[in-house]
Structure formats: structure tokens, C-alpha cells
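Overview (structure and organization)
Residues per chain are reported as follows:
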Amino acid sequence: MTTTSETEDGASRPLLADQRESQGVNAADDAASPSAAQESGTFTKSLGALEAFAIVISIVIGSGIFTSPGSIDTNVPSPGSALVVWLIGGVLAWTGASTMAELGTAIPGEGGVQPYLQYIFGDVFGFLAAWTWIVAVMPATLAILSIVFVESIYSSLGVTDQAGSIEHKLLSILILVVISIANSISTKASTRLNNFFVVTKFVTIAAVVIAGIVVAILQATDPERDIGGRDWFKKSWFANRDVITPDGSKTDWSQLSEWEILGHYSAALYGALWAYSGWDKAIYISAELKSPARQLPLAINTAVPTILLCFITANAAYYILLPWDVVSTTDSVAVTAITRLLGRGFGIVAAILICLVVAGSLLGNSFVAGRMAVAAANMNWFPRIFASVGHIGLKPRAEEEQASPQGQNPQPTTRSDAPINAITLSAVLSALYILLGNFRALLTFNGLGEYSFFFLTVLGAIVLRFREPGLRRPYKPFILVPIVFAIVSGFVVIRGAFFAPALALVVIIVWIIGLGFYWVRKRLAARQVE
């Protein structure tokens, strides 16, 4: 039987299946082995289903619901079609989240999709997932949200052409630093602050929906009253209409071929999936849940439907509050709607609330960003400094207390349980992306990296159904669920690569560099063993 030293590099460790053999686990006990293999972790099991629900809500309800409606409306022939796209995007996100819940309860562990890919396909795939998330996906996500936060402030002041200025970028970095510091205090402080932002998100969406309901009631009781957009009352929600694009041109749907229409719908779906981005984040904290087998599916199956309901009702409200030709031409649809209905003062209040919503999403993403770095460092795929929690650098505070002179009691300290080093790494990489990139490029780059591994992970879940039918799965959705998501995620990756080949090449280069890093770490580990 083979044993593995704790100092041995993760790149040269056996796969989880081999670990089961080395631990003397027989085939009958294979079902429980993933849990056993992941029993120990860096973080304490201090979170419940409510915290997981709040984290998913906080991450997903971000800038997308307030900025994506325009880009989706531009690519569909009617408001009813737009609402259907939002519904399909939400259902697809739900299929992906359900499959992740299956894997998260069968193969618990730290680091998001990394332990699942390692278990199913081997160390190289687990490492590449960790590498891609640490150096590309999560930093790009934080950069995007920081940029959107500052852009919301600029837009409320009527300034819309400064996204590329150095002042705009530096303000984005400042926001990023503030959020990173907030997440470095402690897990409890982060979750409490996150709960505040969740309330802010619901209040903001409720304000938009209530405004839409009030306008609908007033319009229905007095058809001649000039309030809101009026198009919702006079026109069919599913009839084709010419769409005005942001550059002023019109799309005549009757003149488009079926292939061109499919291209428009795929672009609309891409925008919806971006708005729902973050549905996977509950699995990043599955190792910190007190009872993941019960709480993870509960959090996902309550959070995603809640988000879907919020998105559908908010978008319906936009079509009630605004003329339909305005929805397709604005990237700040919520601020535009409230400003048009109640005036500039309320528009500024709406912009402030949206900034808080984006800040909540930024906080939630920053909270989980360090988790994969910690997991990768625990596998010795990354330097051990990133596995440390509660302090900056290499030397823990506990060691400083032990180093106190004999006869003197060390001064009591309140130690953070946050992965400060990992959060710092993520913040530095995000700052570089802010300085070197822009919103649209980062969005595509993020989507390509993220959905490549979503596809592999869900494909792996399907493979695992046939390879290990006896694996204990406390939560097991119908097989069609992962199949549907695998098809869609594969389509998203292919479409993104076709649309932006240069960025697809950048992602491939990131993978090649990652493989080189993996090979170097593996060679160094082999030398240490010798």
C-alpha cells in the first residue's frame, strides 16, 4: 500500500480514488470516502443554510439586473421574448447549481469545483481549475464589479465616457481595497456585513417592482393618464417591433434570417447568464457548512428561485416604467426608470442603492475568492503562505505568543479567521486587471475561463453517475439536469471563443503557464522526496 507524506507536493499525490486504497478502504466503503478524504479543512464549520443563502443572493444579485436588461432587449424582438430569455437563463443557472449541489454533497471539500475535477479527472484538472480561478476568473470578476461600482457613481452624475481614465481606474482599485479589508476582519464580520447588503438588494428590487405595480394600477384605472412608459398598456408584449440599438440603428426582425435571429437570441442568453453569474458560489463554502448534505441543496434551491423571481418581476417593472424603445438604449435601466418617474433626486438615490447592491456582490465574491487559493495551497499546488488564516505573512500570531519571555503571559489577541494572504493575492491581481483591461474584455475573458470548467465539472458529474453509481449522493437531481447544463455551457464557451478569439487565446496561454507552474512544483516535490 502506498502512503503519502504531508510534505509531498499535491501534484505528485495519488488521486482521491488511490487515497481510498491507501487508507485501506474497501470497495463497499467507497461511497463514503470522499467525505472522509475531505474531513479536515482550514475553516471551521460555522455557517448555516441562511448564511449560504445570503452569500448566493449577495453575489448573484449584483450589477446584472440593473445593467443587462438593455443588452438583452436589444437582441430580442419583443418584451415578452426578453422575459422568456430571463426565465430560461434562470432555469439554466438552476440546473448548474443543482448539479454542483450533487457534487458538493457527494465530494465535500474546499475550493469550489477544484476537488470535484480532481476526484473525477485527476490532479491536473483539479490544479488547472484552481489556477484558472485564482489568477483569472475571480480577479476578473472583482475587477468587473469594482469598475461597475465606480461607473454607477459616474452615471448618476451624468458622466458616461470616463471608464478608461486613470482616475476611474484608481477609484475602482480603492473600492476593491476597501472591500478586501472588510473581508479580512473575520468570517463573522463578513457574513454580518453581507446580510446587510442582502437586505439592501431586496429593498432596491422591491422599490422597482412596487413602482411598476403602482404605475400599472394607475394606468389601468385611468387609461388616459400620462405616467410610466404606456407601451405596456397599448402594445402586445409578444408582437415583433423594431428595436433601437445604443448606436441609434434599428433592427427589423422581418428582414433577418433564422441564423441571424439565433445569433441575436444567443447574445441575449449570454447577457442573462452573466446576470445570473455567481450561482455556483455556495459550493465554495460547503466545507464551512455545519451540515453540507442538507444545507447546501437547501441554500441553492431557495436562493436561485428567489433570484429568478426577483429578476423576472424587476424586468417586467422596467417595461412598465419606461417606453420600450428606451429600455434597449440604456445600460442603467433602473436609474433611468426611477429618474424618469420621480425626478433626478430620486434617480441619485437609486444610483446610491445600486452602488450598495454592487458593493454587496463585490463583498461576496471577495469573500469566496480566497477560498480556492487556500484549498490550492493546502494541496501544495500554491505556496503555503496562501493557506494561512488570521495573519499576514508566514508567521502565525500563535507562534509570536509562544515566543513570549518565560514567566510572562502573552497578551490576549483577537485573531481573525479570514484568509488574509489569499485575499491580498486576489486584490493585487484584480488591481492589475483594472489597470490593464476594460469592462467588456474582462467580461468575455471571465466567461470563457469560468464556463470552460463549468462544462468539465458538469460533464464529470454525468461521467460519475455511470462510473460510480454506488457513490453516496445525499442530493441527486434527475440526469437530464446536468445534461442540459453541459450542452448550454459548451455552447457558451464555443460562442465566446468564436466571438473573441484573441481573449480565448489569452485563456489558453493562462492554462499553458499554469501547466508549466504545475510541472515545476511537481519536480520540486520529487527532489524533496529524494
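Cut-offs and rules
Residues numbered from 1 in each chain as written. Predicted model: local features only at pLDDT ≥ 70, side-chain atom pairs only at ≥ 80, totals over all residues. Heavy atoms only, no water. Helix = DSSP H or I, 4+ residues; strand = E, 2+ residues; numbered from the N terminus. Buried < 20%, exposed > 50% of the residue type's maximum accessible area, 1.4 Å probe, protein only. Contact = heavy atoms within 4.5 Å. Areas by Shrake-Rupley, 256 points an atom, 1.4 Å probe, with all protein chains shown as cover. Patch = residues over 30% accessible without salt bridge, like charges linked within 9 Å, V, L, I, M, F, W, Y side chains within 5 Å. Salt bridge = Lys/Arg side-chain N within 4 Å of Asp/Glu carboxyl O. Phe/Tyr/Trp six-rings, centres within 6.5 Å; stacked < 30°, edge-to-face > 60°. pLDDT = per-residue confidence, 0-100. Core = buried A, V, L, I, M, F, W, Y, C linked by side-chain atoms within 4.5 Å. Axes fitted to C-alpha atoms, helices over the stretch in contact; angles between N-to-C directions. Parallel < 35°, antiparallel > 145°, perpendicular 65-115°, else oblique. Left-handed = near helix turned anticlockwise from the far one by under 90°. Nonpolar A, V, L, I, M, F, W, Y, C, P; charged D, E, K, R; others polar. Expected span 1.5 Å × (residues − 1). Polar contact = N/O pair within 3.5 Å; in protein donor to acceptor, adjacent residues only side chain to side chain.

Some words on the overall build of the chain
The helix and strand inventory of the chain stands at 20 helices and 2 strands. A total of 530 residues make up the chain; the buried ones form 56% of that total. Restricting the contact set of the chain to residue pairs at least 6 apart, pairs at least 24 apart contribute 81%. When the accessible surface of the chain is totalled, it reaches about 22700 Å², and 65% of it is carbon and sulfur.

Here's the deal with a nonpolar patch on the surface
A cluster of nonpolar side chains, contributed by Phe121, Val124, Phe125, Leu459, Val463 and Leu515, occupies part of the molecular surface with about 400 Å² of accessible area. Broken down by secondary-structure element, the contributors of at least two residues to the nonpolar patch are α7 (123-156) and α18 (439-467).

Notes on the packing of aromatic side chains
If you walk through the whole model with that rule in mind, you get 24 aromatic pairs. Aromatic side chains Trp237 and Tyr319 sit 6.0 Å apart centroid to centroid with 70 degrees between the ring planes, which places their arrangement in the edge-to-face category. Pair noted here: Trp237 is in the loop between α10 (231-234) and β1 (243-244) and Tyr319 is in helix α12 (residues 292-321), with a separation of 82 residues, a long-range link. A connected cluster of aromatic rings, assembled from ring pairs, spans Trp133, Trp279, Tyr451, Phe453, Phe454, Phe485 and Trp511.

Quick word on the confidence of the model for the chain
A residue-level look at the chain finds 84% of positions with pLDDT of 70 or above and a mean pLDDT of 80. Ignoring residues within four places in sequence, the model shows residues 397-404, a span with pLDDT below 50, making 11 contacts including any to other chains.

Re the nonpolar core
Residues Ile61, Val113, Trp133, Ile134, Phe311 and Phe382 are the most contacted members of the largest nonpolar core, which totals 150 residues. Per element, the largest residue contribution to this core is 21 residues, and it comes from α7.

Quick look at the packing of helix α8 (residues 166-183) against helix α15 (residues 344-378)
Contact pair α8 / α15: the axes reach a minimum separation of 9 Å and the direction vectors enclose 55 degrees. Between α8 and α15, the angle is such that the two are oblique. For the crossing formed where α8 meets α15, the hand is right-handed. Judged by residue contacts, Ile175, Ile179, Ser180, Ala182 and Asn183 of α8 engage Ala359, Leu362, Leu363, Ser366 and Phe367 from α15. Broken down by class, the residue content of the contact of α8 with α15 amounts to 7 nonpolar, 3 polar and no charged.

As for helix α17 (residues 420-436)
For α17, built from 17 residues, the straight-helix expectation of 24 Å at 1.5 Å per residue is met to within 8% by its first-to-last C-alpha distance of 24 Å. Of all 17 residues making up α17, 12 are buried, and the element is well covered by its neighbours. Taken together, the buried positions of α17 are Ile420, Asn421, Ala422, Ile423, Leu425, Ser426, Ala427, Leu429, Ser430, Ala431, Tyr433 and Ile434.

Some details on unusual backbone geometry
Of note, the phi angle at Arg230 is positive, near 70 degrees, even though the residue is not glycine. Within the secondary structure layout, Arg230 lies in the loop between α9 (187-221) and α10. One non-glycine residue with positive phi stands out, namely Asn380, at about 65 degrees. Tracing the sequence through the fold places Asn380 in the loop between α15 and α16 (397-402).

As for the side chain of Glu450
One can find Glu450 in helix α18. Residue class for Glu450 comes out buried when judged on its relative accessible area of 2%. Look past the residues within four positions of Glu450 in its chain and what remains in contact with it is Trp133, Val137, Ser277, Asp280 and Lys281.

Thoughts on the pattern of salt bridges
Between side chains of opposite charge, pairing is possible as soon as their charged atoms come close. One pass over the full model with this rule turns up 5 salt bridges. In this structure, Asp231 and Lys235 form a salt bridge, with 3.6 Å as the shortest nitrogen-oxygen distance. Owing to a relative accessible area of 10%, Asp231 belongs among the buried residues under this scheme. Its relative accessible area of 45% is what places Lys235 among the partly exposed residues.

Brief notes about the side chain of Thr141
By secondary structure assignment, the location of Thr141 is in helix α7. On the basis of relative accessible area, Thr141 is assigned to the buried category, the value being 7%. Separated by 2.8 Å, the side chain of Thr141 and the backbone oxygen of Val137 make a polar contact. Ignoring any residue separated from it by four or fewer positions in sequence, one finds Thr141 in contact with Asn365 and Asn446.

Remarks on the environment of Pro292
Within the secondary structure, Pro292 is located in helix α12. Sequence separation between Pro292 and Ala49 is 243 residues, and the spatial gap between their C-alpha atoms is 8.5 Å.

Observations regarding the environment of Phe233
In this fold, Phe233 is placed in helix α10. Measuring from C-alpha to C-alpha, the distance between Phe233 and Ile320 comes to 8.1 Å, with 87 residues separating the pair along the chain. Discounting chain neighbours no more than four positions away, the residues touching Phe233 are Gln219, Ala220 and Pro223.

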